Amino acid sequence: MTRSPPPIQRRRFLTAASATGLAGLAGCTALIDNGDQEQTTPQTETQDGLQADSPEQIVESYLEVVSTAQQRRSELRHSAVSETFSLGEITTTVIEEELSASEISERTYLDSEEVEEILTDAETAVVEAEIEVTRGNETVNERAEWLVATDDGEWRLVEQGSVGSYSAGEGDSASETEADPEPDPEMPDAVHEYMIDNDVQLYDGSLADMTGTESVTIAVGGGSQGLAFDPPVVRVDPGTEVVWEWTGEGGAHNVVSTDAPEDFSSEDVIAEAGHTWSQTFEQTGTYFYYCQPHQALGMHGAILVE
């Protein structure tokens, strides 16, 4: 699906230094250990040629780490279940500089103390990257943004967020568009807009009405590529337990709330089939959520508690 990025004030960033792994880009960059060993996140320190003396360079260096980590991950997996994933051409551009405290607070999940710490004697910038991503037989051009900062001339990543993606191929053009699905008559406008803006996998405009049941199950890793919550939009009664069950497809996933009356998170990034995590929703409202590793590929969902 092709569309221009949504207005910048509506974008939200994901923490790039998440303990769950390298967040964002196609998701396959998280270095996962299914045992009890600590997960590892590549550092952004300037060593061994890792360049970070400009906003663009720290993002490009980060993407190099992403590409290397994914290549190594693929080598460690059996060929029958390996994830074919690679990064191609990358273009980075500084699109904003010197963000104010209010702008950072509005567009990120950082609290006021974290924002103040970032802004202390620091320069800030937003870098937009367009990355050619090949997964299996499909190539897409992924747009993502990074909030970066420096107080000593060496730039560091702060947070990352997806802007959108569109299919790319020989002779392809960003002007080619696909019609948005028609929403269910009972679908709230805000939910439909969120689904469209994030190119949510498996979203066809429908609303899965599961009211009247005490417990409902949502598949984690649904769809042909294992990059969807299935169903993506669910309506339940207050007090309903929602159980997310991992299919084992599409790599490692988690469940993290975004705009919601109450925050929730499954925390760990898990690849194991059959793993479950649940949340009981007592308060009415709309709960948006996503998979951190695959946020940029449209792995989002919504729970309507009415």
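Keep in mind the model is a prediction, meaning the values are calculated, not measured.

Here the focus is the environment of Gln201. Within the element layout of this structure, Gln201 appears in the loop between helix H4 (189-197) and strand E6 (208-209). As for Gln201 and Gly298, which are separated by 97 residues in sequence, their C-alpha atoms are 5.4 Å apart. Setting aside anything within four residues of it in sequence, one finds Gln201 in contact with Leu227, Ala228, Pro232, Leu297 and Gly298.

A separate point is the sheet that holds E6. Consider a sheet: its strands pair through backbone hydrogen bonds, and that pairing is either parallel or antiparallel. Pairing within the open sheet is mixed, and its five strands lie in the order E6-E9-E14-E13-E11. Edge positions in the sheet fall to E6 and strand E11 (256-257), since each has one partner strand and no second. Direction of pairing for E6 relative to strand E9 (residues 233-236): parallel, over a ladder of two bridges. Bridging from a neighbouring strand, Asp209 pairs with Arg235 of E9. Lying on the sheet, H4 is in contact with E9, strand E13 (285-290) and strand E14 (300-305); it crosses E14 at an angle near 170°.

In this structure the tally under the stated criterion is four salt bridges. Note that Arg235 is salt-bridged to Glu186, the shortest N-O span being 2.6 Å. Taken together, the residues Arg235 in strand E9 and Glu186 in the loop between strand E5 (156-167) and H4 connect sequence positions 49 residues apart. For Arg235, a relative accessible area of 10% corresponds to the buried category.

Tallying each qualifying case throughout the model produces eleven aromatic pairs. Residues Trp244 and Tyr289 carry aromatic rings whose centres are separated by 5.3 Å and whose planes lie at 80° to one another, so their mutual orientation is edge-to-face. Residue Trp244 is located in strand E10 (residues 240-246), and its partner Tyr289 is located in strand E13; the two are separated by 45 residues in the primary sequence. Exposure remark for Trp244: the relative accessible area of 0% places this residue in the buried category. Judged by relative accessible area, Tyr289 falls into the buried class, the value being 0%. Between the aromatic rings of Phe264 and Tyr287, the centroid separation amounts to 6.3 Å while the plane-to-plane angle is 45°, which identifies the pairing as tilted. Taken together, the residues span a long stretch of sequence, with Phe264 in the loop between E11 and strand E12 (276-281) and Tyr287 in strand E13 at a distance of 23 residues. By relative accessible area, which is 6% here, Phe264 ends up buried. Here the aromatic cluster, defined as three or more aromatic residues joined through ring pairs, consists of Phe229, Trp244, Phe264, Trp277, Phe281, Tyr287 and Tyr289.

So, about the side chain of His192. With respect to the helices, strands and loops of the structure, His192 is situated in helix H4. Classification of His192 by relative accessible area gives buried; the value is 16%. Ignoring any residue separated from it by four or fewer positions in sequence, one finds His192 in contact with Pro181, Pro183, Met187 and Tyr203.

Averaged over the chain, the pLDDT score is 75; the fraction of residues at 70 or greater is 71%. No element of the chain has a lower mean pLDDT than strand E1 (residues 14-15), which averages 35, and none a higher one than E9, which averages 98. Long-range and interchain partners of residues 1-48, a stretch whose pLDDT sits below 50, account for 137 contacts in this model, where long-range means more than four residues apart. Counted against residues more than four places away or in other chains, residues 162-177, with its pLDDT under 50, gives 37 contacts.

This next bit is on the nonpolar core. Counting residues in hydrophobic clusters, the biggest one holds 21 residues, and the most contacted among them are Phe229, Trp244, Val255 and Ile303. Elements supplying a minimum of two residues to this core: strand E7 (215-222), E9, E10, E12, E13 and E14. If sequence neighbours within four positions are ignored, Val255 has contacts with Val220, Phe229, Trp244, Trp246, Phe264, Ser265, Ser266, Glu267, Trp277, Tyr289 and Tyr290. Ranked by size, the runner-up nonpolar core spans 18 residues in total, among them Ile58, Leu63, Val133 and Ala144.

As for its position among the elements, Thr124 is in strand E3 (residues 123-135). Judged by its relative accessible area of 3%, Thr124 is buried. Residues within four places of Thr124 in sequence aside, it is in contact with Glu97, Glu98, Leu99, Ile104, Ile118, Leu119, Val148, Ala149 and Trp155.

On to the pairing of E7, then. Bridging between E7 and E10 involves six bridges; their strand directions are parallel. Looking at E10, one finds that Thr217 is bridged to Val243. As paired elements, E7 and strand E8 (residues 228-230) share three bridges and run antiparallel to each other. In the strand pairing of E8, Gly222 is matched with Ala228. Between E7 and the antiparallel strand that follows it, E8, lie five residues; Gly223 among them carries a positive phi value of about 80°.

Cut-offs and rules
- Residues numbered from 1 in each chain as written.
- Predicted model: local features only at pLDDT ≥ 70, side-chain atom pairs only at ≥ 80, totals over all residues.
- Heavy atoms only, no water.
- Helix = DSSP H or I, 4+ residues; strand = E, 2+ residues; numbered from the N terminus.
- Contact = heavy atoms within 4.5 Å.
- Pairing = 2+ DSSP bridges.
- Axes fitted to C-alpha atoms, helices over the stretch in contact; angles between N-to-C directions.
- Salt bridge = Lys/Arg side-chain N within 4 Å of Asp/Glu carboxyl O.
- Buried < 20%, exposed > 50% of the residue type's maximum accessible area, 1.4 Å probe, protein only.
- Phe/Tyr/Trp six-rings, centres within 6.5 Å; stacked < 30°, edge-to-face > 60°.
- pLDDT = per-residue confidence, 0-100.
- Core = buried A, V, L, I, M, F, W, Y, C linked by side-chain atoms within 4.5 Å.

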